[in-house]
Amino acid sequence: MGLLKQINNWTEKLIKGFLVVLLAGILVLCFYQVVTRFVFVSLALAWTEEVARLLYVWGCFFGAAVLIRQKRIIRVDVVSNALSVSLARILELIVLLSMLAFSLVLVVKGFEFTQSIAQDRLTLLGYPRNWFWLPIPMSSVFSSMYILEQVIDYLRDWFTTSPIQNGIGSDL
């Protein structure tokens, strides 16, 4: 097993654990909000909604990275189903490379944007507003690693199988 695959296996497990903690935090905070809104009104804390929303944003982006690793993201395959096998394989490689490029742009531009708004503060807690934007470039680092692994696996399969198995020459 390659080094990238080992690193990705480890980071996927780490992110899944992180997602469990985020979900537990969201559930506890939302349950607390409901109970204090209707039962113990005097114990209500205004910041719980803001923190629950922050945890949700982080969970969405890091969950998307895990879905990319597991190849469980939504796909529109109308075009690739209409193509020959060899053209569909080329299209798949183009899609993977486009995803990698977009993910790398999110890393670079996301960190730039996050730094540019570091001085803005949230109203209730007073912590930097960029905490809501930080999961975009951070999760895109992992997405990029996962997509790169898929590109490498795809090219390895492409070059280690026969041309007929690749769809080249069989239905052009």
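Residues numbered from 1 in each chain as written. Predicted model: local features only at pLDDT ≥ 70, side-chain atom pairs only at ≥ 80, totals over all residues. Heavy atoms only, no water.

Look at helix α4 (residues 85-116): 46 Å from first C-alpha to last across 32 residues, which is about the 46 Å you get at 1.5 Å a residue. Within the span of α4, buried status applies to Ser86, Ala88, Arg89, Glu92, Leu93, Leu96, Leu100, Ser103, Val107, Gly110 and Thr114. (Helix = DSSP H or I, 4+ residues; strand = E, 2+ residues; numbered from the N terminus. Expected span 1.5 Å × (residues − 1). Buried < 20%, exposed > 50% of the residue type's maximum accessible area, 1.4 Å probe, protein only.)

One can find Pro137 in helix α5 (residues 135-160). C-alpha separation for the pair Pro137 and Leu43, spaced 94 residues apart in sequence, amounts to 36 Å.

Once that is clear, we can look at the environment of Gly25. Its location among the elements puts Gly25 in helix α1 (residues 3-38). Given the relative accessible area of 18%, Gly25 is considered buried. With 26 residues separating them in the primary sequence, Gly25 and Val51 have C-alpha atoms 8.9 Å apart.

As a further point, take the packing of aromatic side chains. Overall, the coordinates contain seven aromatic pairs when judged by the stated rule. With a centroid separation of 5.5 Å and 80° between ring planes, the pair formed by Phe18 and Phe62 is classed as edge-to-face. Of this pair, Phe18 sits in helix α1 while Phe62 sits in helix α2 (residues 47-69), and the two are 44 residues apart along the sequence. Residue classification places Phe62 among the buried residues on the basis of a relative accessible area of 4%. Against the face of Trp158 rests Arg89, its NZ or CZ located 5.1 Å from the ring centre. (Phe/Tyr/Trp six-rings, centres within 6.5 Å; stacked < 30°, edge-to-face > 60°. Lys NZ or Arg CZ within 6 Å of the ring centre and 35° of its normal.)

Right, let's get into the pattern of salt bridges. For the structure shown, the criterion picks out eight salt bridges. A salt bridge links Arg75 to Glu92, with the nearest nitrogen and oxygen atoms 2.7 Å apart. Here Arg75, found in the loop between α2 and α3 (78-82), pairs with Glu92, found in helix α4; they are 17 residues apart in sequence, far enough to count as distant. Of the residues examined, Arg75 reaches a relative accessible area of 53% and is grouped as exposed. For Asp153, the salt bridge is made with Arg156, and the minimal N-O distance between the two is 3.0 Å. Here the residue Asp153 and the residue Arg156 both occupy positions in helix α5, the gap between them amounting to three residues, near one helical turn. Judged by its relative accessible area of 21%, Asp153 is partly exposed. Residues joined by salt bridges that share partners form a network here, namely Lys5, Glu12, Lys16, Arg69, Glu149, Asp153 and Arg156. (Salt bridge = Lys/Arg side-chain N within 4 Å of Asp/Glu carboxyl O.)

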